[in-house]
Amino acid sequence: MWYNLYMNKVHRQKLIVGNWKMNTGSADAHILAQSIKNEAAHLEHVDLVLCPPSVWLGLIAENLIMPHNSSNLHLGAQNMHFAEQGAYTGEISPNMVKEVADYVILGHSERVHIFKEDVHLVAHKVKSAFEHHLTPILCVGEDQKDAKSNRLLANHLKQLVGQLTATEVEKLVVAYEPVWAIGTGNAATPEYAEETAFVLRGVVSDKTRILYGGSVDATNAKGFLQKEDIDGLLIGGASLKYKDFLTIAKYADDEVIKLARIRK
Ligand code: PGA
């Protein structure tokens, strides 16, 4: 489209991801996805990914958001196992996810802290996601605000992406989510997040999309979306309110249009 010509030399499409976590019943999930779908087509400069609980993925995929569709609205899983099948009670495999979704969140801090997933396991899952044509949304972030070390975070990310090819690194989505900011109402400042995103970009590539996540809502989202190295948002609590989610998505869309005008 015309505006792409005036965008960054490397164009990174903005991406807004809703992580519904372990919330919604089937009827709520359907209504939430439907309400977002009704508006998504008007937000053509931004990709939207909804990550409902895995038990509702099939329902939403069949009725509303087909996998591998060519629109800007897609589904993602919140987690998966790396293996294709087997005796892994309670897990879902990349083959299963692929039938109903295009993205998968991996290494979320709740998986790391509550379910004790380690860096090797997460790295294995990320590789497996690519092998099964899924786009991983890989989460990283420091536990405590005063413990932020960009060097440590960069090393951590390096370990997580070490097995990926250069093309896979470009297709990867990284979500910078400071753990202290998740679900606390205490978001990082856009400047704080941008500084880290810049450092993380050094580990991945100019084409890799880097999101911010952690207490994003309709009042603070704009600040993050205006930052050069932040290509979108991973939203938990606020993604359960369709109006808030759409307001944030609209900010992202407006930001792209505004930037294109400035560069024209
Ligand atoms: P939050 O969650 O927006 O509710 O802080 C973000 C996340 O856990 O991805």
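Quantities reported herein were computed from a predicted structural model and do not represent experimental measurements.

### Section: the packing of helix α5 (residues 119-131) against helix α6 (residues 150-161)
Item 1. Remark: α5 packs on α6, axes separated minimally by 8 Å, with the N-to-C direction vectors making an angle of 50 degrees. For the element pair α5 / α6, the angle class is oblique. Mapping the contact onto sequence places Val119, Val122 and Ala123 in α5 and His156, Gln159 and Leu160 in α6.
Item 2. Residue composition of the contact of α5 with α6, by class: four nonpolar, two polar and no charged.

### A few points about the side chain of lysine 125
Item 1. Structurally, lysine 125 is set in helix α5.
Item 2. A polar contact of 2.9 Å, which involves the side chain of lysine 125, links it to the side chain of glutamate 117.
Item 3. Those residues in contact with lysine 125, other than ones at most four positions away along the chain, are Asn79, Met80, His81, Phe82, Leu106 and Glu117.

### With respect to the nonpolar core
Item 1. Core analysis: the largest hydrophobic core is formed by 70 residues, its most contacted members being Ile16, Leu48, Tyr212 and Leu233.
Item 2. The leading source of residues in this core is α5, at six residues.
Item 3. Once you skip the residues sitting within four places of it in the chain, tyrosine 212 turns out to touch Tyr176, Pro178, Ala181, Ala187, Ala188, Ala193, Phe224, Ile230, Gly232, Leu233 and Leu234.
Item 4. Core analysis: the second largest hydrophobic core is formed by 12 residues, Val17, Val49, Ile137 and Val173 among them.

### Here we look at α6
Item 1. With 12 residues, α6 should cover 16 Å at 1.5 Å per step; its first-to-last C-alpha distance of 16 Å lies within 8% of that length.
Item 2. Taken as a whole, α6 has its buried residues at Asn150, Leu153, Ala154, Leu157, Leu160 and Val161. Buried residues along α6 cover an arc of 120 degrees about the axis, so they all sit on one side. Of the exposed residues in α6, those oriented more than 90 degrees away from the buried face are Arg151 and Leu152.
Item 3. If you follow the buried residues of α6, they end up packed against α5, β5 (135-140), β6 (173-176) and α8 (190-203).

### Digging into the packing of aromatic side chains
Item 1. According to the stated counting rule, one finds three aromatic pairs in the structure shown.
Item 2. Ring geometry for tryptophan 180 and tyrosine 192: centres 5.6 Å apart, planes at 85 degrees, overall edge-to-face. Linking tryptophan 180 in the loop between β6 and α8 with tyrosine 192 in helix α8, this pair joins segments that are 12 residues apart in sequence. Each member of the pair, tryptophan 180 as well as tyrosine 192, carries the same accessibility label: buried.
Item 3. Ring geometry for tyrosine 212 against phenylalanine 224: centres 4.2 Å apart, planes inclined by 10 degrees, an arrangement best described as stacked.

### Thoughts on the confidence of the model for the protein
Item 1. Per-residue pLDDT for the protein has a mean of 95; in total, 97% of the residues score no lower than 70.
Item 2. This model gives residues 1-8 a pLDDT under 50, and the stretch forms 16 contacts once residues within four places in sequence are excluded.

Criteria and thresholds
- Residues numbered from 1 in each chain as written.
- Predicted model: local features only at pLDDT ≥ 70, side-chain atom pairs only at ≥ 80, totals over all residues.
- Heavy atoms only, no water.
- Axes fitted to C-alpha atoms, helices over the stretch in contact; angles between N-to-C directions.
- Helix = DSSP H or I, 4+ residues; strand = E, 2+ residues; numbered from the N terminus.
- Parallel < 35°, antiparallel > 145°, perpendicular 65-115°, else oblique.
- Contact = heavy atoms within 4.5 Å.
- Nonpolar A, V, L, I, M, F, W, Y, C, P; charged D, E, K, R; others polar.
- Polar contact = N/O pair within 3.5 Å; in protein donor to acceptor, adjacent residues only side chain to side chain.
- Core = buried A, V, L, I, M, F, W, Y, C linked by side-chain atoms within 4.5 Å.
- Buried < 20%, exposed > 50% of the residue type's maximum accessible area, 1.4 Å probe, protein only.
- Expected span 1.5 Å × (residues − 1).
- Arc of directions from axis to C-beta.
- Phe/Tyr/Trp six-rings, centres within 6.5 Å; stacked < 30°, edge-to-face > 60°.
- pLDDT = per-residue confidence, 0-100.

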